[in-house]
Amino acid sequence: MSQNLLGIPETRLPEDPAAAPLAAGEDPAAVAAAHPTSSLAWATLAEAALADGRTVEGYAYARTGYHRALDALRRGGWRGQGPVPWSHEPNRGFLRALAALSRAAGAIGETDEEQRCAQFLRDSSSEAAEALGL
């Protein structure tokens, strides 16, 4: 049974320009500077900062990636709800930024934001929530 009971079409973002340089091992900060609209680059920076215990920095990176992704989603026809499938690779920058934002918000005690982002992730892609541990 599909979880998309409203029949809202999936949003599929275009290829993220940062995907290839990041996959090639380029420095995520340099990639973000070269592709500042890339949610994937910002999500990568957020995840690294959080893993290193740089919580506030991770929060800022995640928030930037989240907002860049919202811009891309809206350009892609998203109207504030509906599936954003994890299986579509270009969507992963948004989903990873959202998960990182939830984690970072929780780490600084912003519980409402942590819960809102976690629910948004589950509503967008239960597969992403499972893959990202939320």
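Fair warning: this is a prediction, and the values are worked out from it, not measured in the lab.

Procedures and definitions
- Residues numbered from 1 in each chain as written.
- Predicted model: local features only at pLDDT ≥ 70, side-chain atom pairs only at ≥ 80, totals over all residues.
- Heavy atoms only, no water.
- Core = buried A, V, L, I, M, F, W, Y, C linked by side-chain atoms within 4.5 Å.
- Buried < 20%, exposed > 50% of the residue type's maximum accessible area, 1.4 Å probe, protein only.
- Helix = DSSP H or I, 4+ residues; strand = E, 2+ residues; numbered from the N terminus.
- Contact = heavy atoms within 4.5 Å.
- Salt bridge = Lys/Arg side-chain N within 4 Å of Asp/Glu carboxyl O.
- Axes fitted to C-alpha atoms, helices over the stretch in contact; angles between N-to-C directions.
- Parallel < 35°, antiparallel > 145°, perpendicular 65-115°, else oblique.
- Left-handed = near helix turned anticlockwise from the far one by under 90°.
- Nonpolar A, V, L, I, M, F, W, Y, C, P; charged D, E, K, R; others polar.
- Polar contact = N/O pair within 3.5 Å; in protein donor to acceptor, adjacent residues only side chain to side chain.
- Expected span 1.5 Å × (residues − 1).

Visitor: Mind laying out the nonpolar core, listing which residues take part and the relevant values?
Guide: In terms of nonpolar packing, the biggest core is built from 26 residues, with Tyr66, Leu73, Phe94, Leu98, Phe120 and Leu121 touching the most fellow members. For this core, the elements supplying multiple residues, two or more each, are α4 (55–75), α5 (92–107), α6 (111–124) and α7 (126–131). Of the residues forming this core, the biggest block, eight residues, is contributed by α5. When sequence neighbours within four positions are dropped, the list of residues in contact with Leu73 reads Thr11, Leu13, Trp78, Val84 and Phe94. If you look at the next biggest cluster of nonpolar residues, it comprises nine residues, including Val31, Ala32, Leu40 and Leu45.

Visitor: So what's going on with the pattern of salt bridges? Residues and values would help.
Guide: Counted under the stated rule, the structure contains seven salt bridges. For the salt bridge of Arg54 with Glu57, the shortest nitrogen-to-oxygen distance reads 2.5 Å. Take Arg54: its relative accessible area is 30%, and that puts it in the partly exposed class. Residues Glu113 and Arg63 are paired through a salt bridge, measuring 2.4 Å at the closest nitrogen-oxygen approach. Pair noted here: Glu113 is in helix α6 and Arg63 is in helix α4, with a separation of 50 residues, a long-range link. Connected through salt bridges with shared partners, the residues Asp52, Arg54 and Glu57 form a single ionic network.

Visitor: Requested: an account of the packing of helix α3 (residues 39–51) against α4, with residues and values cited.
Guide: Interaxial distance between α3 and α4 falls to 8 Å at its minimum, and their mutual angle equals 160°. Classified by the angle their axes make, α3 and α4 are roughly antiparallel. When the axes of α3 and α4 are compared, the crossing they make is left-handed. Of α4, the residues touching α3 (which contributes Ser39, Trp42, Leu45, Ala46, Ala49 and Leu50) are Thr55, Glu57, Gly58, Tyr61, Ala62, Thr64, Gly65, Arg68 and Ala69. Counted by class, the contact of α3 with α4 contains eight nonpolar, five polar and two charged residues.

Visitor: Explain the side chain of Asn91 residue by residue, including any values.
Guide: Its place among the elements puts Asn91 in the loop between α4 and α5. At 3.0 Å, the side chain of Asn91 and the backbone oxygen of Pro85 are in polar contact. Residues contacting Asn91, with those up to four places away along its chain left out, are Thr11, Arg12, Leu13, Val84 and Pro85.

Visitor: Describe in detail α5, supporting the description with residues and values.
Guide: The end-to-end C-alpha distance of α5 is 22 Å, a good match for the 22 Å that 16 residues give at a rise of 1.5 Å each. Taken together, the buried positions of α5 are Gly93, Phe94, Leu95, Ala97, Leu98, Ala99, Ala100, Leu101, Ser102, Ala104 and Ala105. Lining the buried residues of α5 we find α3, α4, α6 and α7. Positive phi appears at Gly109, one or two residues downstream of α5, with a value of about 85°.

Visitor: Report on the environment of Gly7, specifying residues and quantitative values.
Guide: Looking at where Gly7 falls in the secondary structure, it is placed in the segment before α1 (19–23). Using a relative accessible area of 59% as the deciding quantity, one classes Gly7 as exposed. For Gly7 and Pro83, which are 76 residues apart along the polypeptide, the C-alpha to C-alpha distance reads 9.6 Å.

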